Amino acid sequence: MAVARHTPPDVVGVASSPDEPAGPQTFLPSACAVTGMKNTGGSRGAKRRAGEHAATAVEDGMVVGLGTGSTAAHAIRAIGDQIRDGLDVEGVPTSFQARQLAIEEGIPVVDLDEVPGVDLAIDGADQISDGQLIKGGGGAHAREKVVDAAADRFLVVADPSKRAETLDGAVPVETLPAARPVVEHEIRALGGEPSLRRAERKDGPVITDNGNVVLDCEFGPIETPDTLAEQLSMLPGVVEHGLFVNLADEIHIGTAEGVTVERL
Ligand SMILES: O=C(CO)[C@H](O)[C@H](O)COP(=O)(O)O
């Protein structure tokens, strides 16, 4: 996946309430103490801060979408801590990995057909520009999109390296294995260059939790993600792509100073 061009987050002050009006706000380390967040350094610290801060939005009785990836894992662990402190929630995992972690953390896991809806989803991203996302670094974007889109409120958690001026990373496209040649052809016709995602510790492709393959598709700078998202969605054989357009409600970016929250 291409490296994101970094955009410094806007830092406009210290937010005191999750009900603050739209606009970027920064939760400084003093807020970490209030929320019990661990104040560790580096990218891992930034991811941890973002995940743990987003988890403070979870309330008793909620159904929570549990995202995939290292940043979302911090949120899942923080929800586990809250459950051990008496919180009563149910979690809808977005992947095998998220489900395993949720079980380890004692979070009751449920499927979408067992709950009336999803109150809140917390999930990571591979690239973020103007509230639009590329996801699917873990190949879980099909289920992630279903759960994140179903949520009343979708919180994205990330470290600053995920911010970009313009989305320009490879777009993961989950594809029916039998449809791969025609999907590759159609993606080239759209101006993309597909590359079959290969497994690291097995010969052959990555197989998703849904039994499909992933094509990582380079399009260069994506000036109109909504258009490309629509075009990809229309291709027969495409199960789901990693462009998440107009789905995020809040972006929580962990930084060295605290957590910047942008409400969209
Ligand atoms: O979309 C995803 C998985 O399909 C992840 O959320 C994304 O890859 C971010 O991962 P990380 O938080 O480990 O950087």
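Calculation rules
- Residues numbered from 1 in each chain as written.
- Predicted model: local features only at pLDDT ≥ 70, side-chain atom pairs only at ≥ 80, totals over all residues.
- Core = buried A, V, L, I, M, F, W, Y, C linked by C-beta atoms within 7 Å.
- Buried ≥ 20, exposed ≤ 12 C-beta atoms within 10 Å, placed from the backbone.
- Domains from an automatic or database assignment.
- Contact = placed C-beta atoms within 7 Å.
- Axes fitted to C-alpha atoms, helices over the stretch in contact; angles between N-to-C directions.
- Helix = DSSP H or I, 4+ residues; strand = E, 2+ residues; numbered from the N terminus.
- Parallel < 35°, antiparallel > 145°, perpendicular 65-115°, else oblique.
- Left-handed = near helix turned anticlockwise from the far one by under 90°.
- Pairing = 2+ DSSP bridges.
- Near = placed C-beta within 6 Å.
- Nonpolar A, V, L, I, M, F, W, Y, C, P; charged D, E, K, R; others polar.
- UniProt positions renumbered as here; feature names shortened; annotations may be inferred.

**A short note on the nonpolar core**
Stage number 1. The biggest cluster of nonpolar side chains holds 59 residues, and the ones touching the most others in it are Ile76 and Ile122.
Stage number 2. Lining this core are residues from two domains, each supplying at least three of them: domain 1 (25-164 + 246-263) and domain 2 (171-241).
Stage number 3. Sequence-distant contacts of Ile122, defined by excluding residues within four places in its chain, comprise Ala54, Ala55, Val64, Gly65, Gly67, Ala72, Ala75, Leu155 and Val157.

**Remarks on the packing of helix α3 (residues 70-84) against helix α4 (residues 96-104)**
Stage number 1. Where α3 contacts α4, the axes come no closer than 9 Å and their chain directions differ by 25°. The orientation of α3 relative to α4 falls into the category roughly parallel. Handedness of the α3/α4 crossing: right-handed. Listed contacts from α4 to Ala72, Ala73 and Ile76 of α3 are Ala98, Leu101 and Ala102.

**Digging into the pairing of strand β7 (residues 151-158)**
Stage number 1. Within β7, 6 of the 8 residues are buried, which leaves it mostly tucked inside the rest of the structure.
Stage number 2. Bridging between strand β4 (residues 118-123) and β7 involves 5 bridges; their strand directions are parallel. Across the sheet, the residue bridging to Ala121 is Phe154, located in β7.
Stage number 3. Pairing analysis gives 4 bridges linking β7 to strand β13 (residues 250-254), with the strands arranged parallel. Bridging across to β13, Ala158 finds its partner in Ile253.

**So, the sheet that holds strand β10 (residues 213-218)**
Stage number 1. Here 4 strands make up an open sheet; going across it, the order is β9-β10-β8-β11 and the pairing antiparallel. What marks the edges here is a single partner per strand, and that holds for β9 (193-196) and β11 (238-241). Adjacent strand axes in the sheet meet at a mean angle of 30°, parallel and antiparallel pairs treated alike.
Stage number 2. Examined bridge by bridge, strand β8 (residues 171-175) and β11 share 3 bridges and lie antiparallel to one another. The partner of Thr175 across the bridge, within β11, is Val238.
Stage number 3. Along the sheet, helix α6 (residues 180-189) contacts β8, β9, β10 and β11; its crossing angle with β10, the most-contacted strand, is approximately 15°.

**Here we look at the site of the ligand**
Stage number 1. Around the ligand sit 18 residues, and of these Gly69, Thr71, Gly124, Gly137 and Gly138 come closest.
Stage number 2. Elements with a contribution of two residues or more to the shell around the ligand: α3 and α5 (141-150).
Stage number 3. Per-element tally for the shell around the ligand: the top contributor is α3, with 3 residues.
Stage number 4. In terms of residue class, the shell around the ligand is built from 3 nonpolar, 11 polar and 4 charged.

**Some remarks on the domain arrangement of the protein**
Stage number 1. According to the domain assignment, the protein contains domain 1 (25-164 + 246-263) and domain 2 (171-241).
Stage number 2. Between domain 1 and domain 2, the C-alpha centre-to-centre distance is 25 Å.
Stage number 3. Facing the 11 residues of domain 1 at the interface are 12 residues of domain 2.
Stage number 4. Residue assignment for the side of domain 1 that touches domain 2 shows that the elements contributing at least two residues are β6 (132-134) and α5.
Stage number 5. Among the elements that take part in the side of domain 1 that touches domain 2, α5 stands out by supplying 4 residues, more than any other.

**With respect to the UniProt feature "active site" (unreviewed entry) in the protein**
Stage number 1. With numbering matched to this structure, UniProt assigns "active site" (unreviewed entry) to Glu144.
Stage number 2. Structurally, the position occupied by Glu144 is in helix α5.
Stage number 3. For Glu144, a count of 32 C-beta atoms within 10 Å corresponds to the buried category.
Stage number 4. If we skip the residues at most four places from it in the chain, Glu144 touches Gly67, Thr68, Thr94, Asp123 and Lys135.

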